[in-house]
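# What the coordinates show
So the chains spell out like this:
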Amino acid sequence: MTMLQSLKNFVRSKSIHVAYVDVGSCNGCDIEVLACLAPRYDIEQYGIFVHNNPREADVLLVIGAYTPGWEEKLKGLWEKIPDPKAAIAIGNCPISGCLFARPHTLVDPPVAKHIPIAVQVPGCPPRPTEILSAILSVAPTVFKDYEVRK
Amino acid sequence: MPLSLVYYAKEFLRGEWARKFLAAKTAPLEIPPYFRNYPELTGKTCTHHLFCMMACPAPGAIDVISTPEGWKPRIHIGHCIRCGLCVEACPNGVLSSGRILESMFYDNTRLSFSFRIDVDQTKCMGCGNCAVACPVNKLIDAQMSHGGRASTDDLLLKVSEGKCKVLHVEKCTGCKTCEHHCPNEAIRVARLLEAVHAPEEDI
């Protein structure tokens with residue numbers, strides 16, 4: 001990797017575009033993601049920009065326990081994201097199903113069965129701090145050897 | 001004009017100003033010490049009452065395993081919802097999380113468990129599976145016959161006159177073994193969890 005490429009990748013890792021998708025949660029984790037955008041945590045000062053367009057995103061935040069309505073949709077959404085990309089599971093629901101993982105429920109956790117998950121943030125809900133540090137920790141590895149891989 | 005240029009240069013070329021301008025501005029991301037995080041072991045001896053597992057609302061979040069040092073509760077991250085009920089329910093203070101133990105001490109509150117056994121007399125066939133399976137009965141009368149009949153009245157459950165009778169409900173430990181062994185779903189164990197203020201007996 002040349003000097004210029006590594007410099008470009010460093011700059012890229014300082015401007016992460018994030019899309020979030022709720023695949024059937026109780027909205028608790030959505031509110032914690034919303035708190036990241038608010039001035040108290042202010043996600044944009046770390047160079048993270050949240051908008052819900054998967055075609056522009058680098059990082060996908062997956063929230064929720066995967067209800068049947070998301071079959072085939074989540075996979076398509078993941079394929080729309082251009083390389084390099086990473087998915088972060090926010091909360092217990094995408095990891096284990098949390099309180100919904102009981103007999104005779106329709107949810108189908110974990111989400112890692114359906115799309116590759118890079119980072120898991122446990123908690124019901126996780127603190128905005130934990131969500132932020134997860135995004136910041138995944139940012140350098142997403143772009144690390146991007147142009148070489150390509 | 002030159003003077004103001006010097007002034008601006010002095011103001012903006014300071015290292016600390018440039019660092020503050022370019023880097024993140026809020027305080028470093030820290031979890032405050034009072035945050036009710038995942039329960040941690042305090043090192044006190046677990047007596048295997050399993051109240052933590054009974055109080056836990058999340059499936060598969062806590063279990064108590066046998067180790068060479070004795071029983072130990074184990075928290076499963078990814079299942080645990082950090083509600084702190086296991087910390088409050090434990091009679092020995094084996095777990096701690098945030099300020100729960102301190103506030104329980106100052107407020108003198110505790111979660112107490114009690115159990116109620118309901119036998120549906122129309123469904124009960126008097127087979128005695130519940131009385132034979134009951135681990136409390138086994139400690140009191142190890143020679144109980146297969147029909148659940150016994151001569152002593154100290155038992156928790158007993159079959160008399162062809163029906164299951166609950167004799168001493170206060171001896172129940174809430175394990176629900178009787179419920180799992182009933183072929184007819186006639187016996188039900190209810191776990192009652194109540195928050196008690198200023199309990200009479202102390203820990």
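Residues numbered from 1 in each chain as written. Chains lettered and ligands numbered in written order. Predicted model: local features only at pLDDT ≥ 70, side-chain atom pairs only at ≥ 80, totals over all residues. Heavy atoms only, no water.

### Observations concerning the overall build of chain A
Of regular secondary structure, chain A possesses six helices and five strands. Compactness check: chain A gives a C-alpha radius of gyration of 16 Å against a globular reference of 15 Å for 150 residues, within 12% of the reference. For chain A, the C-alpha atoms occupy an extent of roughly 55 × 35 × 20 Å along the three principal directions. With 150 residues in all, chain A has 48% of them scored as buried. Expressed as a percentage of contacts within chain A between residues at least 6 apart in sequence, the contacts between residues at least 24 apart total 84%. (Helix = DSSP H or I, 4+ residues; strand = E, 2+ residues; numbered from the N terminus. Rg over C-alpha atoms; globule rule 2.2 N^0.38 Å. Buried < 20%, exposed > 50% of the residue type's maximum accessible area, 1.4 Å probe, protein only. Contact = heavy atoms within 4.5 Å.)

### Digging into the overall build of chain B
Check the secondary structure of chain B and you find eight helices and eight strands. Taken over the C-alpha atoms alone, chain B extends approximately 110 × 35 × 35 Å along its principal axes. Put simply, chain B has 203 residues, and 33% of those count as buried. Of the contacts formed within chain B by residues at least 6 apart in sequence, a portion of 57% connects residues at least 24 apart. Across chain B, 23 positive and 22 negative side-chain charges occur, with their mean positions spaced 8 Å apart. (Lys, Arg positive; Asp, Glu negative; His and termini not counted. Charge placed at Lys NZ, Arg CZ, Asp CG, Glu CD.)

### Structural notes on the interface of chain A and chain B
Counting residues at the interface gives 20 residues for chain A, matched by 19 residues for chain B. Surface buried jointly by chain A and chain B totals about 1,500 Å² across both partners, of which 57% is contributed by carbon and sulfur atoms. Where chain A packs against chain B, one counts one salt bridge. For the salt bridge of glutamate 130 of chain A with arginine 82 of chain B, the shortest nitrogen-to-oxygen distance reads 3.3 Å. At the boundary of chain A with chain B, the tally comes to seven residue pairs in polar contact (both at pLDDT 80 or more). When contributions to the side of chain A that touches chain B are tallied by element, the ones reaching two or more residues are α4 (93-96) and α5 (128-142) of chain A. (Buried area = accessible area lost by both parts, 1.4 Å probe. Salt bridge = Lys/Arg side-chain N within 4 Å of Asp/Glu carboxyl O. Polar contact = N/O pair within 3.5 Å; in protein donor to acceptor, adjacent residues only side chain to side chain.)

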